[in-house]
Structure formats: C-alpha cells, structure tokens
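Chains, contacts and geometry: an overview
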Amino acid sequence: MIATWLIIVIIAVVLLVIYIYNSLIRLRLRVKNAWAQIDVQLKRRFDLIPNLVKTVKGYMKHEKGVLEEVTKARTSLMQGSVKDKAKASNQITDALKSIFAVAENYPNLKANENFKQLQEELSGTESKIAYARQFYNDSVMQYNEGILVFPKNFLAKMFGFHKEEFFKTEGKERARVDVEF
Amino acid sequence: MSFYEEIASNKRRSYFLIFFFFVFVIFLGLMIGVLYGDKYFGLGLALFIGTIYFLFSYFGGANAILTMTRAKEAKKPQYTQLINTVEGLAIAAGLPKTPKVYVIEDSALNAFATGRDPEKSSVTVTTGLLEKMNRLELEGVIAHEISHIRNYDIRVMMLASVMVGLTVLLSDFLLRSFLWGGGGRKKEEGQVGTIMIIVGLVLAVLAPLVGKLIQLAVSRKREFLADASGAMLTRYPLGLANALKKIKNDPDPLVDHANKATAHLFISTPFRKVKKSLMTNLFSTHPEIDERIKRLEKM
C-alpha cells in the first residue's frame, strides 16, 4: 500500500519537473528568437548605412563629422554582448537622427529619390528595431520572472538557467501599458 | 483580472463553443437519421457533409474572403509605409511570419485580418483608411488586426463561421426531409421517434438563430480583447481610440463588397448604422464603438 502511494508521488513529482523544465525551455527559446529578430533588423540597418553615407557624401561637404560618427558606430555594432550591442545601436540611432536633421538644410539632397527611399527604409527599420526590442524585453521579463519564482527557481538553478539581459535604451521609451478589464 | 488570464479564459470559451457546435451537428445528424429510420445513416451523412464542408471552408476560406471583398495585395513602393507598419507590429507581437498585406479600393474606413493561423494570415485595409489616418492611428488599427492574428482569433472566427454555416445547412436539410420524405417511415417509429422529430423540428427552426447569436457574442468579445492587446503592442491606446473616433464620425461606413458573411471580420461594422434597440444590439457583430473608445482611453 505504502509502496503504491510512493510510486504515485514519485510519478507526480517527475511529471511536475518535466512540465516546469519544458515551460522554462519554451521561455528561453522565446528570448532567443526575440533576440534573433533584433539581430535581423540591426543587420538590415548595418547594410543600409554605407548606401546612405555614399548618397549623402556628395551633398554634405562640410558635415564630415556626422558621417564619421555613423560609420564608427556601425563598425562597433556587430560584435559583443546584449549590453554592447544596445549601446552601439543607440549611438547609431542618434547619429542617423542627426544626419537626417542636417539633411533638412540641403534641399537638393532632400529631393534625391535615392535618399528619400533610404530615409523611408531606415525609419522603417528603426521602428522595427524598437518593436523587436519591445518584444525581446517582454520575453526577457517573463523568462527572468519564470526562473525566479518558487519552486521553479530550484529547478532553474539545477538545470543551469541564467538571467538574461534587457536591451536598454537611453531616454524616452514608451511605457508599458497595463491592461485591466 | 489580468490580460493574459482574459486571453486564456476566452480561449477556453471558444473551445467550449466549438465543442458545443459539434455536439449540435451530431444531434442534428441523429434527427435526420431517426427521420429516415436509420440513426447511423443520419449521423454518417451529417459528419460526411460536415467534414467536407469544414475542409473546404477551413483551407479555402481566407482566399474566398479576400476574393469576395476584392482585396489586392499591397506592393512596394506604393504601400511601403503600410507594409513597414505591418512588419513592425508583427515583430512586436512575436508572430512567426509577417502576414500578407492587402488593400481594398474603397473610401470607407475599415480593416480586417483573416487566415487559419499566424503562419498563414493576412491583414487587409481600405484605401480610405490609409488616406485619412495618421501614422499613430494606422498603427493602432494594424495592432488591433495583428492581435486578432496572434490570439488565434482569426482561426476561431473562421471556425465559428464554418460551424454556423454547417448548422444552417443541416437544419435546412432536416426541415426539408420532414416536409418531403419520411412520411411513410414515420408511422413505424415509436413515440420516442415522434417526440424526437418534434424537438428536432423546433431545433431546426432555432438552430440558425442560436448559432448566429453565439457567433456574434464571440465576435464582440474578441473586439474588446483585440483592442486591449493592440494597445499592448503599440504602447499607445489613444492611437486606436482616435482611429475609432474617426471611423465613428465618418459618414460612409459602408464597404461596398462586404456582406453578412464577412461582416464579423472587420474592425468596425461595415454596414450602415441602424436605429439602436435590443434587437440590433443582439444582432450586431461589433460592440458599441463608444464603449470601445471609453475602454481604450481608460488604459
């Protein structure tokens, strides 16, 4: 009798462990996928920047500094941890902003078809990066929460789940909306 | 109640509804069977017709809807901004694949999402919507549609349409077979058979009506939910709130090629406004737009 109960309890515990382990794996996978999404967009912007610099160079003779800044930030982007990438990405965002701000003073440049297209592409990519970051940070939050709460934290430690880093931005980010019914 | 719990409970409700519909189909099949003196014949027939009908609508439904509403695929560079917005919000929602983007040439302000799962989905907007909405409002509308996709609403809505259509089909068949056939065989049935036929008859009359009401209730609940999830994606509930205000004040809510079969898909009801009463309230596919705006502004 006792043996039967013991077996039932053991089976229940094993099932629980499997369930928790799978749910943690799923959360971690989501974080990985979300990160891949950011990477895709960062890469896209990375590829667009040389075109932009080439197009803009001919027009902006006196603004070499702005262009160099973008090129420099670009080269530091493709390696490093989440934190490094976030920092480099923010620098590029700022540098691009100043290029487009300066471009306002060059009517010929603004009329350039190529430039217009690049501007739309880059601003589209910029907002996709923001959305990808939002999804990534939400995923990280759920994952981090998942490995910290009892009793998952024991299993997380046992199976080597570690906290993931957020993709931080400086300054204004749209706040989370808390939806209550 | 938190937002995720709401999604979960809504999903449970949808599963229950689908289950309920299937039970209903089986029941109607049995009715037909009793009428013909062979329960298994009726059951088999109902399940056979049901399955074929189901497969056709499930795999061809989305395309049929796009053809019916005369939607055309949106292409760059004309619709670059729209495509970018859809791509961005699909990323924000973590969709496995970017939905296809379609446009309807129509001055009305409307949009819908359809498909059977997030991998095979599409978002459609009218050209009128693109002209009259600013970027934030467009984002709000698209986020609402993307939420329908992510929450699997598109699948449930499609299933609901399939089920309602099927119920109508079967109950129609039941009525016909009562009127035309069965007369001779009926006498051989016991009292139980007669009672079942009467109950079946009542059900056959009520079935399309009940089915329709359930579809509407599901559809309306989903609109609130999609509004809320959309706000989670854009982090800016007022975008959609302002878009809904524009839609509300637009004098031309009609989408030319919308009909009763596609109405529940749209972001706001594609028909002319009718006088408000309990009946129109029960039969409308969408909740009151003012109520939706109010909820969005409170977030």
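What you see is a predicted model; the values in this text were computed from it and never measured.

Soluble, globular proteins show a tendency: their nonpolar side chains are buried together. Ranked by internal contacts, the top residues of the largest apolar core, which has 66 residues, are Ile38 and Tyr136 of chain A together with Leu89, Val141, Ile142, Ile146 and Leu240 of chain B. In this view, Ile146 of chain B contacts Leu89, Ala90, Ala93 and Leu233 of chain B; residues no more than four positions away in its chain are not counted. Membership of the second largest hydrophobic core comes to 12 residues, among which are Ile49, Ile92, Ala95 and Leu96 of chain A.

The next subject is the packing of helix 3 (residues 80-93) of chain B against helix 5 (residues 135-150) of chain B. All names here are of chain B. Close contact between helix 3 and helix 5 brings their axes to 9 Å; oriented N to C, the two are set at 50 degrees. For the element pair helix 3 / helix 5, the angle class is oblique. Every pair of crossing elements has a handedness; the one defined by helix 3 and helix 5 is right-handed. Here Thr85, Val86, Leu89, Ala90 and Ala93 of helix 3 lie close against helix 5, whose contacting residues are Leu138, Glu139, Ile142, Ala143, Ile146, Ser147 and Arg150. In terms of residue class, the contact of helix 3 with helix 5 is built from eight nonpolar, two polar and two charged.

For the rest of this paragraph, the subject is the sheet that holds strand 3 (residues 111-117) of chain B. Sheet strands line up and pair through hydrogen bonds in the backbone, either parallel or antiparallel. Residue and element names in this part refer to chain B. Read from one edge to the other, the open sheet built from four strands follows the order 1-2-4-3, with strand pairing classed as mixed. Strands with a single pairing partner mark the edges of an open sheet, and in this sheet they are strand 1 (72-73) and strand 3. Pairing of strand 1 with strand 2 (residues 100-104), which is carried by two bridges, proceeds in the antiparallel orientation. When the sheet's bridge partners are listed, Lys72 is paired in strand 2 with Val103. The sheet contacts of helix 2 (residues 39-68) involve strand 2, strand 3 and strand 4 (120-126), and relative to strand 3 the element is tilted by about 160 degrees. Where helix 5 meets the sheet, it contacts strand 3 and strand 4, and its direction lies at approximately 20 degrees from that of strand 3.

In this section: the pairing of strand 2 of chain B. Residues and elements named next belong to chain B. With respect to burial, strand 2 is a largely interior element, four of its five residues being buried. Relative to strand 4, strand 2 runs parallel, the two sharing five bridges. When the sheet's bridge partners are listed, Tyr102 is paired in strand 4 with Thr124.

Conventions used here
- Residues numbered from 1 in each chain as written.
- Chains lettered and ligands numbered in written order.
- Predicted model: local features only at pLDDT ≥ 70, side-chain atom pairs only at ≥ 80, totals over all residues.
- Core = buried A, V, L, I, M, F, W, Y, C linked by C-beta atoms within 7 Å.
- Buried ≥ 20, exposed ≤ 12 C-beta atoms within 10 Å, placed from the backbone.
- Contact = placed C-beta atoms within 7 Å.
- Axes fitted to C-alpha atoms, helices over the stretch in contact; angles between N-to-C directions.
- Helix = DSSP H or I, 4+ residues; strand = E, 2+ residues; numbered from the N terminus.
- Parallel < 35°, antiparallel > 145°, perpendicular 65-115°, else oblique.
- Left-handed = near helix turned anticlockwise from the far one by under 90°.
- Nonpolar A, V, L, I, M, F, W, Y, C, P; charged D, E, K, R; others polar.
- Pairing = 2+ DSSP bridges.

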